[in-house]
Amino acid sequence: MSVLQFDNITKTFPGVKALNGVSFEARPGQVMGLLGENGAGKSTLLKILGGQYRPDGGRLLLDGRERHFGSAGDAIRAGVTIIHQELQYVAELTVAENVLLGRLPTRFSTRFGLVDHQAARKLVAEQLANIGVDLDPAARLSELSIAQRQMVEICKAVMQDARVIAFDEPTSSLSHRETEILFRLVRRLRAEGRTLIYISHRLEELYELCDACTIFRDGRKIVTHEVMAEVPRERLIADMVGRELQDIYDYRARQQGPVRLEARGLHSARLPEPLSFAMRGGEMLGFFGLVGAGRSELMRLLYGADARRGGEVLLDGQPVSSAGPSAAIAAGIVLCPEDRKEQGILAHSSVAENINISCRRHGLAGGVFLRHRQEARRADDFIRKLRIKTPSREQETRLLSGGNQQKVILARWLAEPGLKVLILDEPTRGIDVGAKNEIYRIIHDVAATGCCVIVISSELPEVLGIADRLIVMRDGRISGELAREQASETAALALALPDGNPGAAALH
Ligand SMILES: Nc1ncnc2c1ncn2[C@@H]1O[C@H](COP(=O)(O)OP(=O)(O)OP(=O)(O)O)[C@@H](O)[C@H]1O
Ligand SMILES: [Mg+2]
C-alpha cells in the first residue's frame, strides 16, 4: 500500500494561482481530510493527483517514487482513483458495464470483441457483495440514486485495485442514511490499508471520519494536523477563513410586521394532506425534516412549480395565482431551488451575466450603457458581499470552484427585484463556513426589509441558528412548530423522526 506525497505543488490558471507550493503526505490506513474555503484549491489538487491536470511545478510521489500522470488512465494504472465532485459515468450503461468500462471480459477472444455480459455481471456482483453494497449489476446508472452511483465508482476503484482513493465532497447530495453507508465503506477501505483523501465542508462529518486533516487557504497549505480529533473546531475554522468567526449564524431579533404570507390547505398529488402556515413580514422561518419529509414539495406548491389540487396562497391578503413560477415571481415570491446547479446555471456565460439574469428579465429601464454599468456594479457588489472567488466578473462561470458556482446562483435570486418572499432550499450546501456567515448576514438583511424568508435545511444547527421559528415536517405533514426560545436539537428531532423510532442515532 502506498504513501502519497505532495512536494511543493504549484498550479496556475489564467488570473488564478490555484495551488502555491503545497506539500504534505498521507499514509496507508489513514483518512486525510482536506479543508478550506471555496476556491482554496482542494479539487485542483485532486485533479492533479488523478492525472487530469498537470502541475506547473513540484513533485507527486507514491512510495517515494516520483510520478508523472499524463492522463486519468496513468493515475489508475498507478493505483490512484478519484471520486470527483461531479461524478463521471455513462448513464445508459449498466452498473457492471460502468465498473468494468474499457476492460469488459470477452467471451472468445478480444479479436471478436464480444462482451460476455454474464461473466461481467457475475464478476461485479461478487465485488459488490465483497464491499458490502447491495446493488443489481444489471441496473442502468440512470435508474440509480446519486449515492448508488457513488457506490459504483467506489466498486470500480476497488476492482482497479486502487491503493489511493480520493473523495471530493461525496456527501453533498446524500441523505443521512446514504452517508452512513458511504462512511462504513470508507472505514472498510481504510482497514484494508488503503490511503484515503476526503474533502468536505461539513465539519461534523470530517471529525467523524478523518484521522488527520490538512487545511488550505488561497492555494496554500496552512497546516496538517496528524490527529484531527485533538484540534478544536474554532481552530480549524480560524485557519480556513484566516480570521476568528465568533458566531457564524449572526442572529438578530427583528421587528416583525403583520401577517404577510399565508398558505391555506395546500395539497397536491404528492402531498395529499392539506398544509397550512402563516408568517409575518420580517420573519425568518426555518423548515426542518428528514430527506423526503415533503419540505421541498411544499415550497414547490407555494411557488406554483407543481400543480395544486387545492388550497390557496395569500400574499398581503391577495390571492397569488397558481399559474406557475412566473406568476409567483411577478407577485414577488422567489424560490432558490435545492439543485441549483442543474436548475439554471449558464456554465459558459460570465459570472456577471448569471447574476444579472433575473434583472434582465424584468427589463429594467435605461439605455444599453446605463444598463451595462448597473449590471457591472451589481455583479461586483455580489462578488464582494458573497466573497465569490473569481479573477473578474467576466470569468466563465464553469471555471469557478464548485462552491463559488453555488454562490453565483444564490446571488441571482438575491438580486431579484420586487422581492417579498424569499424561499431558500438548502442555501449553504457545498458552501464554506466563511461564506455561510456572509449568506446568513445577507438573508437577515433581506428579512429586515420586511420580506418573508423561508429557509429549508437538513442541517439542524443551521436552522436553529438563524430562524425565528421552526416548522418541522414528517411524512408529508407538519408535525410541529417551535418558537426560537423552545427550539432545541432534541425537540426538533423528536418531531422529525418517525413515531416509535426516537433513535437520533439514525441520523448520525
Ligand atoms: N480550469 C480552470 N480554469 C480557470 N480557473 C480554474 C480552473 N479550475 C479551477 N480554477 C480556479 O482555481 C481555484 C481553485 O479551485 P478549486 O476548484 O480547486 O477550489 P476548491 O477548493 O475545490 O473549492 P470548492 O470548495 O468551492 O469546491 C479557484 O479560484 C477556481 O476558480
Ligand atoms: Mg472543489
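See the structure printed just above.
Worth saying up front: this structure is predicted, and the values here are computed from it rather than measured. (Residues numbered from 1 in each chain as written. Chains lettered and ligands numbered in written order. Predicted model: local features only at pLDDT ≥ 70, side-chain atom pairs only at ≥ 80, totals over all residues. Heavy atoms only, no water.)

On to the overall build of the protein. Looking only at helices and strands, the protein has 16 helices and 20 strands in total. The C-alpha atoms of the protein give a radius of gyration of 24 Å, which matches the 23 Å a tight globule of 508 residues would have. Taken along its principal axes, the extent of the C-alpha atoms in the protein is 70 × 50 × 50 Å. Per-residue burial for the protein yields a buried fraction of 52% across its 508 residues. Of all intrachain contacts in the protein linking residues separated by at least 6 positions in sequence, the fraction that spans at least 24 positions is 68%. For the protein, the accessible area works out to roughly 22200 Å², and carbon and sulfur atoms hold 48% of it. Once the 66 positive and 64 negative side-chain charges of the protein are each reduced to a mean point, those two points are 4 Å apart. (Helix = DSSP H or I, 4+ residues; strand = E, 2+ residues; numbered from the N terminus. Rg over C-alpha atoms; globule rule 2.2 N^0.38 Å. Buried < 20%, exposed > 50% of the residue type's maximum accessible area, 1.4 Å probe, protein only. Contact = heavy atoms within 4.5 Å. Areas by Shrake-Rupley, 256 points an atom, 1.4 Å probe, with all protein chains shown as cover. Lys, Arg positive; Asp, Glu negative; His and termini not counted. Charge placed at Lys NZ, Arg CZ, Asp CG, Glu CD.)

Per the counting criterion, the structure on display carries seven aromatic pairs. Taking 6.2 Å as the distance between ring centres and 45° as the angle between the ring planes, the aromatic pair formed by F167 and Y198 counts as tilted. On the criterion of sequence distance, the pair formed by F167 in strand 7 (residues 164-168) and Y198 in strand 8 (residues 195-199) is long-range, its members being 31 residues apart. Just as F167 is buried, Y198 falls in that class too. A centroid spacing of 5.5 Å and a plane angle of 40° characterise the contact between Y249 and Y440, whose relative ring orientation is tilted. One end of the pair, Y249, is in the loop between helix 8 (233-241) and strand 11 (259-267); the other, Y440, is in helix 14 (residues 433-448), with 191 residues separating them in the sequence. Aromatic rings pair up to connect F6, F24 and F216 into one cluster. The aromatic ring of F382 is capped on one face by K385, whose charged end is 5.3 Å from the ring centroid. (Phe/Tyr/Trp six-rings, centres within 6.5 Å; stacked < 30°, edge-to-face > 60°. Lys NZ or Arg CZ within 6 Å of the ring centre and 35° of its normal.)

Take the site of ligand 1 next. Among the 22 residues in the neighbourhood of ligand 1, the closest are listed as G39, S43, T44, S401 and G403. Within the backbone of L399, one N or O atom sits 3.1 Å away from an oxygen atom of ligand 1. One of the side-chain N or O atoms of S401 is found 2.6 Å from an oxygen atom in ligand 1. Summarising the interface, the protein chains cover 93% of the accessible area of ligand 1, which totals 640 Å² for the free molecule. Mapped by element, the contributors of at least two residues to the shell around ligand 1 are strand 2 (16-26), helix 1 (42-49) and helix 13 (402-414). (Near = heavy atom within 4 Å. Polar contact = N/O pair within 3.5 Å; in protein donor to acceptor, adjacent residues only side chain to side chain.)

Right, let's get into the pairing of strand 1 (residues 4-13). With five bridges connecting them, strand 1 and strand 4 (residues 57-62) associate as antiparallel partners. Among the inter-strand pairings, Q5 is bridged to a residue of strand 4, identified as L61. Note that strand 1 and strand 2 share seven bridges and pair antiparallel. Opposite I9, over in strand 2, you have V22 as the bridge partner. Once strand 1 ends, the chain turns through two residues before running back antiparallel as strand 2, passing G15 with a positive phi of about 80°. (Pairing = 2+ DSSP bridges.)

What follows deals with the sheet that holds strand 2. Read across the sheet, four strands follow the order 2-1-4-5 without closing on themselves; strand pairing throughout is antiparallel. Unpaired on one side and paired on the other, strand 2 and strand 5 (65-67) mark the two borders of the sheet. Between one strand axis and the next, the sheet turns by 30° as a mean value, whatever way the strands run. Here helix 1 sits on the sheet and contacts strand 1, strand 2 and strand 4; the angle it forms with strand 1, its principal contact strand, is near 115°. (Axes fitted to C-alpha atoms, helices over the stretch in contact; angles between N-to-C directions.)

All told, the structure shown has zero disulfides when counted by the stated rule. Just so you know, C451 is unpaired, no disulfide at all, and the nearest cysteine sulfur is the one on C452, 7.4 Å from it. (Disulfide = S-S within 2.5 Å.)

Okay, helix 16 (residues 489-496) next. What helix 16 keeps buried is the set A492, L493 and A496. Relative to the axis of helix 16, the buried residues are bounded by an arc of 95° and lie together on one face. Of the exposed residues in helix 16, those oriented more than 90 degrees away from the buried face are T490 and A494. As for helix 16, its buried residues are in contact with strand 13 (284-288), helix 15 (460-466), strand 19 (469-474) and strand 20 (477-483). (Arc of directions from axis to C-beta.)

This paragraph deals with the sheet that holds strand 6 (residues 80-83). Read across the open sheet, the six strands follow the order 6-7-8-3-9-10; overall the sheet is mixed. Each end of this open sheet is capped by a strand with a single partner; those strands are strand 6 and strand 10 (220-225). Adjacent strand axes in the sheet meet at a mean angle of 20° when their direction is disregarded. Sheet analysis places strand 7 next to strand 8, joined by five bridges and oriented parallel. For D168, the partnering residue across the bridge sits in strand 8 and is I199. The sheet contacts of helix 6 (residues 176-191) involve strand 3 (30-36), strand 7 and strand 8, and relative to strand 8 the element is tilted by about 150°.

For any two helices packed against each other, the geometry comes down to the angle between their axes and how far apart the axes lie. Contact geometry of helix 4 (residues 117-130) with helix 5 (residues 146-159) gives a least axis separation of 10 Å together with a crossing angle of 100°. Comparing the axis directions of helix 4 and helix 5 gives the class roughly perpendicular. Of the residues in helix 5, those in contact with L123, V124, Q127 and L128 of helix 4 are C155, V158 and M159. Across the contact of helix 4 with helix 5, the residue classes break down as six nonpolar, one polar and no charged. (Parallel < 35°, antiparallel > 145°, perpendicular 65-115°, else oblique. Nonpolar A, V, L, I, M, F, W, Y, C, P; charged D, E, K, R; others polar.)

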